[in-house]
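Here are the chains, one letter per residue:
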Amino acid sequence: MSAFEELGICPEIIQAVEEDDWLLPTPVQQEAIPLILGGGDVLVAAETGSGKTGAFGLPCLQIVHETLRGKCSTRKAHALNLKCELNLNDKDMFVLVTEDGMECKSEDDKRWNGIRATIEVMQGSYMFEVEVVEGLLRVGWSAGFAKLELGIDDKSFGFGSTGKKSWNRKFEDYGEAFEEGDIIGCLLDREKQTISFTKNGRDLGVAYKLPPDMQRIGLKPHICGKGFMAAAKFDGPMEYPVEGYTPVGEIDPTHTPQGTSQAKGKRPPLCMILEPTRDLAEQTYKCMTTFNKYLDNPTVRITLFVGGIDEKEQFRALEEGVDIVVGTLQKLMDYVRRGKLDVTQLKFLVLDEADDLQKKDDRKEIPRLNAQIKRGRRDRVQTLFFSATLHTPEVVQMIDEITSRPIWVDLKGKDSVPETVHHVALYIDPYQDLQWSDAEIAVRAKAPKEQPELDGVHTKPTMSSIDRNHPDALKMSEKIKMMKPKMVVKLADAFNMSQCLVFCRTNVDCNNLEDYMNRLGGTKAYGGKMETGKENPYSCVVLAGMRNQDERRSNLESFKEGDVRFLICTDVAARGIDIAGLPFVIQTTLPDDIENYIHRIGRCGRAERMGLAISVVATEKEKVWYHKCPSRGKDCKPWPGNTKLTIPFGPDGKLRPRDDANWIIDEGGCSIWYDEPDLIKKVETRIGMPMKVMDPEDFSVAGVLESPFGEAGKKRLKKEATVKEPPSRRAQMRKKEEAAVVVYGAKKGDKTIAMTAKHTSALAPVVTELASLEKEIQQIFAKVMRGAQWGNVAAQAGGGMTQHATRPASANLQASPKPKASPAVAAPSPAPVAPTPKTEGPVDMEVDGDTPAKRVATGWASGGGKPKRKARW
Ligand SMILES: Nc1ncnc2c1ncn2[C@@H]1O[C@H](COP(=O)(O)OP(=O)(O)OP(=O)(O)O)[C@@H](O)[C@H]1O
């Protein structure tokens, strides 16, 4: 029995994942899958790259499939339950209901407490009756997502004991007061879109004509009161029947949303997976379709809902029926609000990257969606939360609000960084870069094309206090902006990066870095066209919010396929994006949001492969754009672009000069001073350990990595190790050994690769020497041959070319009139290489024209090339 089978996963899904080399479940899958199959609300906090997508994807897919097949007895498809009764899942806490679901009461006489019934009426004319047993009461109809206090929002329509009708907090005289013993009839006519009431059979007239926005929304019977007791009657015969109105308990199923879907043969979704970004939604959608590939009879229909896709496609999918929807919160909520997406049958609500979803949910749509899904249902909806950072107070509060008795799967107990990710800070100090000043300015003037473009945030002087107190601040900030892209390029060279994800703060920064790298050779002219490709050391593409969806998709794909070396991105790629075997991440600025530090660096070192994440951190403050303007920076430019956003008066109360446009945000502008050393402290607090620091000269990291530049770095490391390192000699040796053989992009602890790298490194000088000796010999040989040939020709001509006249008899190769150049002469045979490690690094090395010997001699290997898509753990 396979390990996935033991977890309860069916053979068809196992077959699909095994094809992707998933032979064993990861620890998080091991824990979470049985809990989800068991029916609980589950909260999963596990490291980046630990296999969370499978942890929710496999069990959700399986249950959806079982539900569709109607085979699983405990999770059998929820048969339509059209019995009308008071709904235990749709009431205020203080309301108690009798077992038959017909009587309710609340002893709370301070506040209004409400309850709705299970049936939602879309069409036809229906009524129910309420007998007042005691207390103050309001009765009527409301939408499933309206507040439970009847009549205080515009989605509910009530009639109260004091003889008032109540809607949207407006209380108006209507009918007459009622009291204990009275029976109130509540009548809804969906043809005329009216609501009326009767008292003990007496018609009180039309109370409401439904507003247009409510005419297509289902309404449910609703009772609400203060210290009250009431008995409802939903089934016939009514005490006071009204002609033309049927008791709501006898509703025609096609007049309810559930019945309508069924009658039209629609399949409303059973599972909804919410993702914070389009790119992640697309990736999860692809994973789900892969898991689904062998399930049939019936097939599970999975649809993607994100912006930038033709809506007609999505409508057609909904018309035909869809079982699992994957999408962004905004898009899915848009469809729910427009009544296009029916959430009444959902069995699963999955919040992937839940903390990010919560943060982006300024309109509080998630709690509303959850309430809408749960109202009016008798079966459980499972809510699942997943993230590597699930411990923020806000997300914990949301969990409390929308789950019931959830189970935590929290393997590490805090937001942690996987052991496979080496993450380090590389400080750059603008004061130390003395070349800058006038010399650098001169260089820039001479070779403007080789300089990075700045983001325009400094183009005008500011009057903020930091500028006044530190006259150098702006200059240093500008210098930082010039140094960072240059540092990216330096790192790319030093580590001979085959692939790297580079995070920038803004869309503009991405554009500028792309442009800079392209100018340095990222694109080359092929047949008159500038093109990029992995053979170019700086080949790059961009994944950022301002690029259109098609471009984002194709750029991500080409990076995943290994067609380019650098993916320059904003935080849209911080979470979830899975690039198999990615060896390097660089952050050119730390993220605004500290949680994203963990997510960004977690793009490498996934699925047990090693990764190195370098954060380029400025020692001084850097001025950055921080758009609060309505266009979020689209129209925001230095003077005069964002002037309307600034405050025209300075702190002294005097009108500011017109060109003083670049005020910082606390003074009304659109920029802030970014304090990265302070952010590093926050990161350290968050991950509970100090950051390792990378040497800006030789890129070594004490105790973790040797310098890619070889001996000098090694000596320095040794010195540091003897001065600082208290651990035993053995531990030191082990660490050094690890550092010397770490191969980014390769599997953690893969001894073969480690040994290969070590041996190759040891053999490198000998191999290089052998190669040059061979070359020399071949050249001598060729020379001899050429001489022999000429000598021969001369002898035949009877000439006196004596030089080779007495060539050795063994040189009968002269038979060939033109000696064929040995391939080794034209191109010396490559140095023998140790067996190819699994990382595909050597493939890439060949492409680079960089010999393995050279690369290994540096003690580094990127393991790059085309990333291995199928991870084997
Ligand atoms: N059981 C498994 N066996 C082998 N590989 C696996 C297994 N489960 C997942 N993987 C691989 O591990 C990688 C990371 O998985 P996944 O993207 O689900 O991580 P995650 O935990 O969601 O990370 P993040 O927090 O960054 O979103 C993927 O390439 C996936 O194919």
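Since this is a predicted model, take the numbers as computed values, not measurements. (Residues numbered from 1 in each chain as written. Predicted model: local features only at pLDDT ≥ 70, side-chain atom pairs only at ≥ 80, totals over all residues. Heavy atoms only, no water.)

1. A word on a nonpolar patch on the surface
Logical step 1: Where nonpolar side chains cluster on the molecular surface, the patch consists of Val-766, Leu-770 and Leu-773 and spans about 260 Å² of accessible area.
Logical step 2: Along the polypeptide, Val-766 turns up in helix H21 (residues 751-796).
Logical step 3: Since its relative accessible area comes to 45%, Val-766 is described here as partly exposed. (Patch = residues over 30% accessible without salt bridge, like charges linked within 9 Å, V, L, I, M, F, W, Y side chains within 5 Å. Areas by Shrake-Rupley, 256 points an atom, 1.4 Å probe, with all protein chains shown as cover. Salt bridge = Lys/Arg side-chain N within 4 Å of Asp/Glu carboxyl O. Helix = DSSP H or I, 4+ residues; strand = E, 2+ residues; numbered from the N terminus. Buried < 20%, exposed > 50% of the residue type's maximum accessible area, 1.4 Å probe, protein only.)

2. Thoughts on the site of the ligand
Logical step 1: Looking at the ligand, there are 21 residues lining it, with Gly-49, Lys-52, Asp-578, Arg-603 and Arg-606 nearest.
Logical step 2: Between Lys-52 and the ligand, the recorded distance is 2.7 Å, taken from a side-chain N or O atom to an oxygen atom.
Logical step 3: Here an oxygen atom of the ligand sits 2.5 Å away from a polar atom, N or O, in the side chain of Asp-578.
Logical step 4: Within the complex, the protein chains bury 95% of what would otherwise be the 640 Å² of accessible surface of the ligand.
Logical step 5: Classifying every residue of the shell around the ligand gives seven nonpolar, eight polar and six charged.
Logical step 6: Here the shell around the ligand spans two domains, and each of domain 1 (3-75 + 267-411) and domain 3 (421-622 + 675-693) adds at least three residues to it. (Near = heavy atom within 4 Å. Polar contact = N/O pair within 3.5 Å; in protein donor to acceptor, adjacent residues only side chain to side chain. Nonpolar A, V, L, I, M, F, W, Y, C, P; charged D, E, K, R; others polar. Domains from an automatic or database assignment.)

3. Describing the packing of helix H10 (residues 365-374) against helix H11 (residues 393-402)
Logical step 1: In contact at an axis separation of 10 Å, H10 and H11 are set at 15° when each is read in the N-to-C sense. When the interaxial angle is binned, H10 and H11 end up roughly parallel. When the axes of H10 and H11 are compared, the crossing they make is right-handed. Only Met-398, Glu-401 and Ile-402 of H11 make contact with H10, whose side of the interface consists of Ile-366, Pro-367, Asn-370 and Lys-374.
Logical step 2: Residue composition of the contact of H10 with H11, grouped by class: four nonpolar, one polar and two charged. (Axes fitted to C-alpha atoms, helices over the stretch in contact; angles between N-to-C directions. Parallel < 35°, antiparallel > 145°, perpendicular 65-115°, else oblique. Left-handed = near helix turned anticlockwise from the far one by under 90°. Contact = heavy atoms within 4.5 Å.)

4. Remarks on empty space enclosed by the protein
Rolled over the atoms, a probe sized like a water molecule indicates the empty space that remains.
Logical step 1: The tally for this structure, following the rule as stated, stands at six cavities of 30 Å³ or more.
Logical step 2: The computed volume of the largest cavity comes to approximately 190 Å³.
Logical step 3: In this structure, the largest cavity is lined by 13 residues; those nearest its centre are Lys-481, Lys-484, Pro-485, Asp-509 and Thr-588.
Logical step 4: Residues of the lining of the largest cavity, tallied by class, amount to four nonpolar, three polar and six charged. (1 Å grid on protein atoms, 1.4 Å probe; cavity = no way out; pocket = protein on both sides within 12 Å on 5 of 7 lines; lining within 4 Å. Points joined across faces, edges and corners; volume = space filled by probe spheres on them.)

5. As for the pattern of salt bridges
Logical step 1: Evaluation of the coordinates by the stated rule reveals 39 salt bridges.
Logical step 2: Note that Glu-353 and Arg-575 form a salt bridge whose closest N and O atoms lie 2.9 Å from each other. In this pair, Glu-353 sits in the loop between strand S18 (348-352) and helix H9 (354-360) while Arg-575 sits in the loop between strand S26 (566-569) and strand S27 (584-587), placing the two residues 222 residues apart along the sequence. As far as burial versus exposure is concerned, Glu-353 and Arg-575 are alike and both buried.

6. Points about the packing of aromatic side chains
Logical step 1: What the rule picks out here adds up to 15 aromatic pairs.
Logical step 2: On the basis of an interplanar angle of 65° and a centroid distance of 5.0 Å, the ring pair of Phe-56 and Phe-386 is categorised as edge-to-face. A residue pair is termed long-range when its members are at least 10 positions apart, and Phe-56 in helix H4 (residues 52-69) and Phe-386 in strand S19 (residues 382-387) qualify at 330 residues.
Logical step 3: On the accessibility criterion, Phe-56 (0% relative accessible area) is buried.
Logical step 4: Three or more aromatic residues joined by ring pairs make a cluster, and in this case those are Phe-159, Tyr-174, Phe-178 and Phe-197.
Logical step 5: It is Arg-138 that lies over the ring of Trp-112; its NZ or CZ is 3.9 Å from the centre.
Logical step 6: When the ring centre of Phe-315 is taken as reference, the NZ or CZ atom of Lys-340 above it lies at 5.1 Å. (Phe/Tyr/Trp six-rings, centres within 6.5 Å; stacked < 30°, edge-to-face > 60°. Lys NZ or Arg CZ within 6 Å of the ring centre and 35° of its normal.)

7. Topic: the nonpolar core
Logical step 1: Counting 40 residues, the largest nonpolar core has Phe-197 and Ile-223 as the members making the most contacts within it.
Logical step 2: Only strand S5 (113-117), strand S6 (125-142), strand S7 (156-160), strand S10 (183-189), strand S11 (194-199), strand S12 (202-209) and strand S13 (220-233) provide two or more residues apiece to this core.
Logical step 3: Looking at this core, the element that brings in the most residues is S6, giving seven residues.
Logical step 4: By size, the runner-up hydrophobic cluster in this structure holds 38 residues, among which are Val-488, Val-489, Leu-491 and Val-616. (Core = buried A, V, L, I, M, F, W, Y, C linked by side-chain atoms within 4.5 Å.)

8. Some words on the sheet that holds strand S25 (residues 540-543)
Logical step 1: The strand order across the open sheet formed by seven strands is S25-S26-S22-S27-S28-S21-S31, and the pairing between neighbours is parallel. Edge positions in the sheet fall to S25 and strand S31 (692-693), since each has one partner strand and no second.
Logical step 2: Here strand S21 (residues 421-428) pairs with strand S28 (residues 611-618) via eight bridges, running parallel. In the strand pairing of S28, Ala-425 is matched with Ser-615. (Pairing = 2+ DSSP bridges.)

9. Points about the pairing of S13
Logical step 1: Summarising burial for S13: ten of the 14 residues are buried, a large majority.
Logical step 2: Pairing of strand S4 (residues 103-106) with S13, which is carried by four bridges, proceeds in the antiparallel orientation. Bridging from a neighbouring strand, Lys-105 pairs with Met-229 of S13.
Logical step 3: Relative to S13, S5 is paired through four bridges, and the arrangement is antiparallel.

10. Side note on H11
Logical step 1: Within H11, burial applies to Val-395, Met-398, Ile-399 and Ile-402. One face of H11 carries all of its buried residues, which in axial projection span an arc of 105°. For H11, the exposed residues lying more than 90 degrees away from the buried face are Pro-393, Asp-400 and Glu-401.
Logical step 2: Of the surrounding elements, those touching the buried residues of H11 are strand S1 (42-45), S18, H9, H10, S19 and strand S20 (407-410). (Arc of directions from axis to C-beta.)

11. Digging into the UniProt feature "domain: DEAD-box RNA helicase Q" (unreviewed entry) in the protein
Logical step 1: UniProt tags residues 2-30 as "domain: DEAD-box RNA helicase Q" (unreviewed entry).
Logical step 2: Regarding residues 2-30, the helix share stands at 55% and the strand share at 0%, and the terminal C-alpha atoms are separated by 12 Å. (UniProt positions renumbered as here; feature names shortened; annotations may be inferred.)

12. Focus: the side chain of Thr-277
Logical step 1: Considering the arrangement of structural elements, one finds Thr-277 in the loop between strand S15 (271-275) and helix H6 (278-291).
Logical step 2: Within the local environment of Thr-277, its side chain forms a polar contact with the backbone nitrogen of Leu-280, the two atoms lying 3.2 Å apart.
Logical step 3: Among all residues touching Thr-277, those that are not within four sequence positions of it are Thr-328, Lys-360 and Val-572.

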